[in-house]
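# Report on the structure
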Number of protein chains: 2
Amino acid sequence: MRTLSIRRPDDFHVHLRNGEMLGRVAEHTARHFARALVMPNTDPPIRTWQEASQYRRAIEQLIDGSGFQPLMTYKIEPTTTANDVAKLAQSRTVIAGKLYPDGVTTGSENGVRDFEALFPVFETMEHYQLVLCLHGEHPDAFCLDREVAFLPVLAQIALTFPKLRIVLEHVTTEKALVAVEALPDTVAATITVHHLSLTLDDVIGGLLRPHHFCKPVAKYPSDRAALVRAVLSGNPRYFLGTDSAPHDQHKKECAAGCAGVYTAPVAMSLLAELFAQHGALDRLEPFVAEFGARFYGLPLNQETLELVERPMTVPATYAGIIPFRANETIAWSVA
Amino acid sequence: MRTLSIRRPDDFHVHLRNGEMLGRVAEHTARHFARALVMPNTDPPIRTWQEASQYRRAIEQLIDGSGFQPLMTYKIEPTTTANDVAKLAQSRTVIAGKLYPDGVTTGSENGVRDFEALFPVFETMEHYQLVLCLHGEHPDAFCLDREVAFLPVLAQIALTFPKLRIVLEHVTTEKALVAVEALPDTVAATITVHHLSLTLDDVIGGLLRPHHFCKPVAKYPSDRAALVRAVLSGNPRYFLGTDSAPHDQHKKECAAGCAGVYTAPVAMSLLAELFAQHGALDRLEPFVAEFGARFYGLPLNQETLELVERPMTVPATYAGIIPFRANETIAWSVA
């Protein structure tokens, strides 16, 4: 029975929600991760440093004593100004701003359509060394083409603001990986656990699987293979962002199901299983605990997480939220 | 307010199910259609002339007096023999056999993987002038590629059995249309109402829409445009097969949703609306009431159906089954 002790991981993309849902999910992220970049597309969204600060306190109260540190973000909307960003930066409450193109996912109402109109915002973020996190899907494209249609926008922003650090979130296509690698190393990408596992066949190829439905939607087998190669490559521009996204069961299993896969409780087990399958357990720690921290300019975590090659059966539900791989067995567990 | 009187239409592909579900849905098809080709993938499936005969009686009892005539089929399975087909043909109970590749849709368990092994069956069907109906998806391909991957199988069967009439059912791709037109005119294709309306964006592009989920899944906008061009073209090799496929609401809105769109009650309204939008109301009657009958060698219906440009609001449900376009308004009604 193999065991693996790694530096405690960071999750550079997580949805903790707010209100009572926050109370149900925060512990699952805090249990395995030292830090997590908390997305601001709550209802209502996080737009100001006061809101970010209040949200952080709400999280900290729930996970008091766990040592978990939430990393805060704000939502960039069409009405966001450079002055708003300056205030956010000066407060030192947030480390990144998140841009959602209009209508592409949960909580992307009032999203962005005119990216150039936000160049003053990006310039201010560059000045204050805030990271720009992009949901990289173009709202005008066909569902499967949205990520690739967004790549010219990514390139334009990256080349216009050469010191702005940019994260293309939850990449799903081989073409996006090619684009990231062709751009300067101010551009990185997060990769989720579920996109390393799923293809569109797992969503619509057999019966319809709402718990495998997310945005961007999982793509072709060749795309998944490219993502697996990317995380195994040891390229420091790829790091973990789970995009763990809880929805109540009835919001998934209905006539109009929400996008999002809830991976927080199983992410580290699944990653250990995947890296072990590829004989690459030595690459796991950098992917989950070094590359992201270095990109964000954060100290590496000193605590550890113990992983063990012992099967875990995933619960059918976590308090009304169906997790990824519910009722299935994963070969590795968190000790 | 325009009106249109057409020869009563035929639906050359419908799922009426059996048991109590049959009792809920048969009337919706019988109300608008003179005849319908009833699919044999019931549970249990229709394999023999006795089963087909019994199934026909069950349908006829429900729609007694409506003048509706069910056209019966049998399911071709890997174990089906030429002798089975001869008995079916000699009984004159059925007019077509339906082949489901393994696992590609509802009721395709024990489906076919080895198509050549069934050549004796096809030869016997050719001899007895039974029509071969194909669910044209290759089980080994990625979900979006299954129809195109099946086209070589279609071509092989069509060229090996030059007198066998073959229907490629519910085509969804431009490439399938090109293939049908390139093959001899023993090959025709049915087109559904929902594939003239949906693309994959309507399934997974926004929220997840299980009531738009079907097999084959709706494809790209360019594919839908090609299907619309095909039905407006007046090519007699394209005719209506709705593939109307009822599932109880809870079998669609769940963690593993069934494929199928329930269009029977709204099909004729939607087609009238579509053809009117394209200024092609004169092409509607041939598509729904002539081309299919001629291909199958059936007399044209003498009764009429009256369509009127009067809005209808689609009910939210038909006895627990959510119809296509539930709660929406369609510009045309059946008088």
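Details of the structure are given in the entry above.
Quick caveat, the model's predicted, so the values are computed rather than measured.

Conventions used here
- Residues numbered from 1 in each chain as written.
- Chains lettered and ligands numbered in written order.
- Predicted model: local features only at pLDDT ≥ 70, side-chain atom pairs only at ≥ 80, totals over all residues.
- Heavy atoms only, no water.
- Helix = DSSP H or I, 4+ residues; strand = E, 2+ residues; numbered from the N terminus.
- Rg over C-alpha atoms; globule rule 2.2 N^0.38 Å.
- Buried < 20%, exposed > 50% of the residue type's maximum accessible area, 1.4 Å probe, protein only.
- Contact = heavy atoms within 4.5 Å.
- Areas by Shrake-Rupley, 256 points an atom, 1.4 Å probe, with all protein chains shown as cover.
- Lys, Arg positive; Asp, Glu negative; His and termini not counted.
- Charge placed at Lys NZ, Arg CZ, Asp CG, Glu CD.
- Phe/Tyr/Trp six-rings, centres within 6.5 Å; stacked < 30°, edge-to-face > 60°.
- Axes fitted to C-alpha atoms, helices over the stretch in contact; angles between N-to-C directions.
- Parallel < 35°, antiparallel > 145°, perpendicular 65-115°, else oblique.
- Left-handed = near helix turned anticlockwise from the far one by under 90°.
- Nonpolar A, V, L, I, M, F, W, Y, C, P; charged D, E, K, R; others polar.
- Buried area = accessible area lost by both parts, 1.4 Å probe.
- Salt bridge = Lys/Arg side-chain N within 4 Å of Asp/Glu carboxyl O.
- Polar contact = N/O pair within 3.5 Å; in protein donor to acceptor, adjacent residues only side chain to side chain.
- Pairing = 2+ DSSP bridges.
- Right-handed = clockwise from strand over helix to strand, strands pointing away.
- Least-squares fit on C-alpha atoms with pLDDT ≥ 70 in both.
- Core = buried A, V, L, I, M, F, W, Y, C linked by side-chain atoms within 4.5 Å.

Scanning chain A from terminus to terminus reveals eleven helices and 13 strands. The C-alpha atoms of chain A give 18 Å as radius of gyration, which agrees with the globular expectation for 335 residues (20 Å, within 12%). Across its three principal axes, chain A shows a C-alpha extent of roughly 55 × 45 × 40 Å. When each of the 335 residues of chain A is scored for burial, the buried share is 63%. Restricting to contacts in chain A with at least 6 residues of sequence separation, those with at least 24 account for 72%. Total accessible area on chain A is roughly 12300 Å²; 49% of this is exposed by carbon and sulfur atoms. In chain A, 31 positive and 38 negative side-chain charges are present, and the distance between their average locations comes to 2 Å.

Geometrically, the link from D43 of chain B to P44 of chain B is a cis peptide bond, its omega value of 0° lying close to zero. Topologically, P44 of chain B is positioned in the loop between β3 (35-38) and α2 (49-62). Note that the residue after K215 of chain B, namely P216 of chain B, is joined by a cis bond; omega there is -5°. With respect to the helices, strands and loops of the structure, P216 of chain B is situated in the loop between α7 (201-205) and α8 (221-232). Phi at R92 of chain A takes a positive value of approximately 60°, unusual for a residue other than glycine. Inspection of the secondary structure puts R92 of chain A in the loop between α3 (82-91) and β5 (94-99). Positive phi, close to 50°, is recorded for A319 of chain B, a residue that is not glycine. Tracing the backbone through its elements, the reader meets A319 of chain B in the loop between β11 (312-313) and β12 (329-330).

Tallied over the entire structure, the rule returns 23 aromatic pairs over all chains. Plain terms: the ring middles of F239 of chain A and F295 of chain A are 5.8 Å apart, the flat faces sit at 40° to each other, and that makes the pair tilted. With F239 of chain A in strand β9 (residues 238-240) and F295 of chain A in helix α11 (residues 284-296), this pair connects stretches of sequence that are 56 residues apart. Accessibility assignment for this pair places F239 of chain A and F295 of chain A in one class, buried. Ring plane angle 75° and centroid distance 6.0 Å describe the contact between F295 of chain B and Y296 of chain B, whose orientation is recorded as edge-to-face.

Here we take up the packing of α3 of chain A against helix α4 (residues 119-127) of chain A. All names here are of chain A. One can describe the packing of α3 onto α4 by two numbers: an axis separation of 8 Å at closest approach and a directional angle of 25°. Relative to α4, the element α3 lies roughly parallel. As α3 runs across α4, the sense of the crossing is right-handed. Seen from α3, the contacting residues are A82, V85 and A86; seen from α4, they are P120, V121, T124 and M125. In terms of residue class, the contact of α3 with α4 is made up of six nonpolar, one polar and no charged.

Taken residue by residue, the interface counts 29 residues in chain B and 29 residues in chain A. Carbon and sulfur atoms supply 66% of the area buried between chain B and chain A, which totals about 2500 Å² over both sides. For chain B, the biggest contributors to the area lost against chain A are F142, I204 and L208 of chain B; these three give 27% of the whole. One can count two salt bridges joining chain B with chain A. R146 of chain A is the partner of D201 of chain B in a salt bridge, and the nearest nitrogen-oxygen pair spans 3.2 Å. Inspection of the chain B/chain A interface yields twelve residue pairs in polar contact (both at pLDDT 80 or more).

Our focus in this paragraph is the pairing of strand β5 (residues 94-99) of chain B. All names here are of chain B. Most of β5 is tucked away, with five of its six residues classed as buried. With five bridges joining them, strand β4 (residues 69-76) and β5 adopt parallel strand pairing. Bridge assignment links M72 to a residue of β5, and that residue is V94. Following the chain from β4 across helix α3 (residues 82-91) to the adjacent parallel β5, one finds a crossover that is right-handed. In terms of strand pairing, β5 meets strand β6 (residues 131-134) through four bridges, oriented parallel. Within β6, the position partnered with K98 by the bridge is C133.

Each regular strand carries side chains that alternate between the two faces of the sheet. Residue and element names in this part refer to chain B. Along β3, one buried face is formed by R35 and L37 and the opposite face, lined by A36 and V38, is buried too. Both strand β2 (residues 10-14) and β3 contribute to a ladder of three bridges, which runs parallel. For D11, the partnering residue across the bridge sits in β3 and is A36. Note on the crossover from β2 through helix α1 (residues 19-32) to β3: the handedness is right-handed.

Relative to the elements of secondary structure, D64 of chain A occurs in the loop between α2 (49-62) and β4 (69-76). The spacing of D64 of chain A and C258 of chain A is 194 residues in sequence and 30 Å in space, taken between C-alpha atoms.

The relation between the two copies of this chain is a rotation about an axis and a shift parallel to it. Overlaying chain B with chain A gives an RMSD of 0.0 Å, the required rotation being 180° about an axis along which the chain moves by 0.0 Å. The superposition of one copy onto the other is thereby described by a two-fold rotation axis. The C-alpha atom lying nearest the rotation axis in chain B is that of E253 of chain B; the distance is 2.5 Å.

Residue and element names in this part refer to chain A. Core analysis: the biggest nonpolar cluster contains 96 residues, and F122, M125, L132, I191, L271, F275 and L307 have the highest contact counts within it. Looking at this core, the element that brings in the most residues is helix α10 (residues 267-277), giving eight residues. Excluding residues that lie within four positions of it along the chain, F275 makes contacts with V231, L232, A280, L281, R283, L284 and F287.

Note that all results are geometric; they support no functional claim without further evidence.
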